[in-house]
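Residues per chain are reported as follows:
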Amino acid sequence: MLRMNTPLASKHHGPTPAAAAHALPAGQGTLVARAAVLALHDELALAPKPGLVSFADSGSHDDMDAQTFLRSLMALRGYFGAIHGLGAQGAPFAALERCGIAAEATMLQATQGINTHRGAIFILGLLCAAVGRVQAHGGAATPEAVRDALRATWGAELAERAQRTSQLPGGVAARRWGLRSASEEAALAFPAVFEVGLPAWRQAQSAGWSHQQVQAQAFFALLGQLDDCNLAHRGGLKGLHWARAQAHGFLAVGGAGAPGWEASAWALHRRFVARRLSPGGCADGLSALCFLQRVGRIA
Ligand SMILES: CC(C)(COP(=O)(O)OP(=O)(O)OC[C@H]1O[C@@H](n2cnc3c(N)ncnc32)[C@H](O[C@H]2O[C@H](COP(=O)(O)OP(=O)(O)OP(=O)(O)O)[C@@H](O)[C@H]2O)[C@@H]1O)[C@@H](O)C(=O)NCCC(=O)NCCS
Ligand SMILES: Nc1ncnc2[nH]cnc12
């Protein structure tokens, strides 16, 4: 069941690590890690995607391209398997965080210091852990079950973490303009992903749209709503509001279901690049949706 913006509240709980680990079928972690890596690839491959890197071009970025992202996502495979295992054991958030910090170091080594996937390490890492938790209890990893497990297992710790003062660019931008930071999104169990992106994805899918259209529609829905701190970091509040207005305009005339939508989205891409705007938080939200879709197919 989806709840509107309910803060995560319950305390860390669950079976003992050993008992939960036994409940997981062999190879489950490998499948989930593969789903996470493929989801990062899905996100990279989607084009047009305003301001962002794809195989077509580097968008608003002059320090990275699709090859940088490929190196990064390949390097993260071990991380996703490891955090899934920790999740299955019901490990405390501090253990997940250590695993995430090590993954950031792995990413930076693979990209020679470029931040490709810091946000994705956080959101996809938490989702892998939540999937592990669901599977350890013998459940199916539906989006609703994954969200509930995230809330129930690490809710209180994520809410506590969101109180810390971040010195990273996104956290600084969130504080300066009163936006909801990545950490706050996590403390609410990612409402933009589950309450905005997921319904848009499902609606487009039921309408029989192509996979590219479904992904693009979900991406633009996120762009219209998420407090994307990368947009604010680069373009201030004005940049964030401008980007949102472009998304609303695109969706109002039929979104990715309208005739000629691709040409409109490419035109928007060029306008984002001219302003050097990059919605990195929305890119991470799209990866999360691609992951949920892929992981839902694993028995
Ligand atoms: C837990 C963190 C994610 C906390 O992040 P914080 O908010 O403190 O600051 P940032 O790391 O700067 O920003 C968060 C990243 O999350 C994405 N994001 C932005 N807005 C949101 C949002 N509202 N909700 C969810 N996610 C959001 C975004 O990531 C993507 O963009 C990055 C690329 O940006 P780019 O502009 O190219 O690169 P920069 O070098 O940052 O700037 P330029 O100079 O080039 O302009 C890319 O990473 C995408 O994934 C935000 O970047 C986490 O970062 C954190 O706390 N890390 C510390 C270590 C840790 O604890 N890690 C383990 C956690 S389990
Ligand atoms: N494709 C992409 N381009 C730029 N920043 C990103 N952050 C995550 N994915 C991204």
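Residues numbered from 1 in each chain as written. Chains lettered and ligands numbered in written order. Predicted model: local features only at pLDDT ≥ 70, side-chain atom pairs only at ≥ 80, totals over all residues. Heavy atoms only, no water.

Description of the overall build of the protein
So, step 1. When you go through the protein residue by residue, the secondary structure sums to 14 helices and 0 strands.
So, step 2. Scanning the protein from its N terminus toward the C terminus, one meets helices and strands in the order α-α-α-α-α-α-α-α-α-α-α-α-α-α.
So, step 3. The C-alpha atoms of the protein give a radius of gyration of 18 Å, which matches the 19 Å a tight globule of 299 residues would have.
So, step 4. Principal-axis analysis of the C-alpha atoms places the extent of the protein at approximately 55 × 45 × 35 Å.
So, step 5. Buried positions account for 54% of the 299 residues belonging to the protein.
So, step 6. Split by element, the accessible area of the protein, about 12400 Å² in all, is 56% carbon and sulfur.
So, step 7. One way to put it: in the protein the 26 positive side-chain charges average out to a point 1 Å from where the 19 negative ones average out. (Helix = DSSP H or I, 4+ residues; strand = E, 2+ residues; numbered from the N terminus. Rg over C-alpha atoms; globule rule 2.2 N^0.38 Å. Buried < 20%, exposed > 50% of the residue type's maximum accessible area, 1.4 Å probe, protein only. Areas by Shrake-Rupley, 256 points an atom, 1.4 Å probe, with all protein chains shown as cover. Lys, Arg positive; Asp, Glu negative; His and termini not counted. Charge placed at Lys NZ, Arg CZ, Asp CG, Glu CD.)

Re the site of ligand 1
So, step 1. Around ligand 1 sit 33 residues, and of these Asn 115, Ser 166, Gly 170, Asp 227 and Asn 230 come closest.
So, step 2. Within the backbone of Gly 171, one N or O atom sits 3.1 Å away from an oxygen atom of ligand 1.
So, step 3. A distance of 2.8 Å separates an oxygen atom of ligand 1 from a polar atom in the side chain of Asp 284.
So, step 4. Protein chains bury 87% of the 1200 Å² of accessible surface belonging to ligand 1 in isolation. (Near = heavy atom within 4 Å. Polar contact = N/O pair within 3.5 Å; in protein donor to acceptor, adjacent residues only side chain to side chain.)

Points about the side chain of Ser 181
So, step 1. Position of Ser 181 among the secondary structure elements: in the loop between α8 (169-177) and α9 (182-187).
So, step 2. Setting aside anything within four residues of it in sequence, one finds Ser 181 in contact with Ala 174 and Cys 229. (Contact = heavy atoms within 4.5 Å.)

Thoughts on the environment of Ser 166
So, step 1. Tracing the chain through its elements places Ser 166 in the loop between α7 (143-161) and α8.
So, step 2. For the pair Ser 166 and Gly 138, spaced 28 residues apart in the sequence, the C-alpha separation amounts to 37 Å.
So, step 3. If sequence neighbours within four positions are ignored, Ser 166 has contacts with Gly 171, Val 172 and Arg 175.
So, step 4. Here Leu 168 takes part through its backbone nitrogen, which lies 3.1 Å from a polar atom of the side chain of Ser 166.

What to know about the site of ligand 2
So, step 1. Every residue near ligand 2 is listed here: Glu 43, Lys 49, Leu 52, Val 53, His 61, Phe 69, Thr 116, Ala 283 and Asp 284.
So, step 2. Measuring from a nitrogen atom of ligand 2, one finds a backbone N or O atom of Val 53 at 2.9 Å.
So, step 3. One of the backbone N or O atoms of Thr 116 is found 3.5 Å from a nitrogen atom in ligand 2.
So, step 4. The residue inventory of the shell around ligand 2, partitioned by class, reads 4 nonpolar, 2 polar and 3 charged. (Nonpolar A, V, L, I, M, F, W, Y, C, P; charged D, E, K, R; others polar.)

Observations regarding the nonpolar core
So, step 1. Ranked by internal contacts, the top residues of the largest apolar core, which has 86 residues, are Phe 80, Leu 126, Leu 223 and Phe 291.
So, step 2. Looking at which element gives the most residues to this core, the answer is helix α6 (residues 118-136), with 12 residues.
So, step 3. Those residues in contact with Leu 126 that lie beyond four places of it in its chain are Phe 93, Leu 96, Leu 150, Leu 158, Ala 186 and Phe 190. (Core = buried A, V, L, I, M, F, W, Y, C linked by side-chain atoms within 4.5 Å.)

Regarding the pattern of salt bridges
So, step 1. Applying the stated criterion across every chain, the model contains 10 salt bridges.
So, step 2. In this structure, Arg 161 engages Glu 97 in a salt bridge whose closest nitrogen and oxygen atoms are separated by 3.2 Å. On the criterion of sequence distance, the pair formed by Arg 161 in helix α7 and Glu 97 in helix α5 (residues 93-110) is long-range, its members being 64 residues apart.
So, step 3. Overall, the relative accessible area of 21% leaves Arg 161 in the partly exposed class.
So, step 4. On the accessibility criterion, Glu 97 (18% relative accessible area) is buried.
So, step 5. For Asp 227, the salt bridge goes to Arg 244, with nearest N and O atoms at 2.5 Å. With a gap of 17 residues between them, Asp 227 in the loop between α11 (211-225) and α12 (229-252) and Arg 244 in helix α12 connect regions that are remote in the sequence. With respect to burial, Asp 227 and Arg 244 carry one shared label: buried. (Salt bridge = Lys/Arg side-chain N within 4 Å of Asp/Glu carboxyl O.)

By themselves these figures say nothing about function.
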